[in-house]
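Architecture and fold: a report
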Amino acid sequence: MSFPIWRATVAALALAGIVTNAQAAFAVSQCTSSPAHEAFDVQGLKSELMVTALSCNMQDRYNSFVAKFRTKLLDEEGTLNAYFHTTYGRSAQREHDDYITQLANVQSERGLKSGTAFCDQRAAMFDEVAVLESSADLSSYAQAKDIIQPASYETCAAPERTLRNEVRTRYRGRKPSAAHTTARS
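As a starting point, this report considers the structure included with it.

Calculation rules
- Residues numbered from 1 in each chain as written.
- Predicted model: local features only at pLDDT ≥ 70, side-chain atom pairs only at ≥ 80, totals over all residues.
- Heavy atoms only, no water.
- Helix = DSSP H or I, 4+ residues; strand = E, 2+ residues; numbered from the N terminus.
- Buried < 20%, exposed > 50% of the residue type's maximum accessible area, 1.4 Å probe, protein only.
- Contact = heavy atoms within 4.5 Å.
- Polar contact = N/O pair within 3.5 Å; in protein donor to acceptor, adjacent residues only side chain to side chain.
- Phe/Tyr/Trp six-rings, centres within 6.5 Å; stacked < 30°, edge-to-face > 60°.
- Expected span 1.5 Å × (residues − 1).
- Salt bridge = Lys/Arg side-chain N within 4 Å of Asp/Glu carboxyl O.
- Disulfide = S-S within 2.5 Å.

Some details on the overall build of the protein chain
Broken down by element type, the protein chain carries nine helices and zero strands. Here the protein chain, with 185 residues, has 31% of them falling under the buried criterion. The long-range share in the protein chain, meaning contacts at least 24 apart out of those at least 6 apart in sequence, stands at 78%.

Okay, structure coming up:
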């Protein structure tokens, strides 16, 4: 590869990275107020606190957190249930369970990597959530924290299913033509 071609290739890759990062930033800014996004944030925080409680023998502090924010936690659980139902239909419960398991696993792995410093690092979160006064405070706190999520579930909102249902209804009883099959692929 000659030098000018190499330079052009590097410039093109850099530009592609800038465009991709700009698109990702735009997508993130569009979904930060989504009910599903907020529910994932709160669920991530709840899981992080649960992992901390179990790892650091702080179950009483976790129980206090859950009691204080029970209504908000239940509301967000309902939002997640709706998200998974809209996104996965009949397999919603299995997918939701998989998400909860993956969430706890990635957070536990991070704790294992931190070693003995994990409890010292994470115990302060209980102090921070204890001073929160409202559900809105909890949502803002959860959004501001760098809570790890399984990559496969980082999303803004559930996709619409209406188009898929319309397509299924339109072709019920007959096979789609080759042109329709090619266009959908």
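Having seen the structure, we can now continue with the description.
Quick word on unusual backbone geometry
With a phi close to 55°, N57 is a non-glycine residue in the positive phi region. Tracing the backbone shows N57 in the loop between α2 (35-56) and α3 (59-68).

Observations regarding the environment of Q107
With respect to the helices and strands, the residue Q107 is situated in helix α5 (residues 92-114). Separated by 60 residues in sequence, Q107 and S47 have C-alpha atoms that sit 7.9 Å apart. In this structure Q107 touches G44, S47, E48, V51, I147 and I148, once residues within four positions along its chain are discounted. At 3.1 Å, the side chain of Q107 forms a polar contact with the backbone oxygen of G44.

Thoughts on the packing of aromatic side chains
In total, this model carries eight aromatic pairs according to the counting rule given. Between Y62 and F65, the ring centres sit 6.2 Å apart and the planes meet at 45°, which makes this aromatic pair tilted. Residue Y62 and its partner F65 are located together in helix α3, separated by three residues, close to a single helical turn. Judged by its relative accessible area of 3%, F65 falls in the buried class.

Quick notes on α2
Here α2 is 22 residues long and its end C-alpha atoms lie 31 Å apart, about the 32 Å a rise of 1.5 Å per residue gives. Taking burial as the measure, the 22 residues of α2 include 16 buried ones, the bulk of the element. N57 occupies a position one or two residues after α2 and carries a positive phi of about 55°.

Some words on the pattern of salt bridges
A full pass over the atoms with the stated rule returns six salt bridges. Linking E48 and R122 is a salt bridge whose minimum nitrogen-to-oxygen distance equals 2.9 Å. In this pair, E48 sits in helix α2 while R122 sits in helix α6 (residues 117-130), placing the two residues 74 residues apart along the sequence. The residues E48 and R122 share a single accessibility class, namely buried. As a salt-bridge pair, D127 and R61 come within 2.4 Å of each other at their nearest N and O atoms. Of this pair, D127 sits in helix α6 while R61 is found in helix α3, placing the two residues 66 residues apart along the sequence.

Overview of the state of the cysteines
Under the counting rule described, the total for this entry stands at one disulfide. Two residues share a disulfide in this structure: C56 and C119, whose sulfurs sit 2.0 Å from each other. An S-S torsion of about -95° defines the bridge between C56 and C119 as left-handed. One end of the pair, C56, is in helix α2; the other, C119, is in helix α6, with 63 residues separating them in the sequence. Given a relative accessible area of 25%, C119 falls into the partly exposed group.

What to know about the side chain of T87
Within the secondary structure, T87 is located in helix α4 (residues 70-88). Take T87: its relative accessible area is 17%, and that puts it in the buried class. A distance of 2.8 Å separates the side chain of T87 from the backbone oxygen of Y83, its partner in a polar contact.

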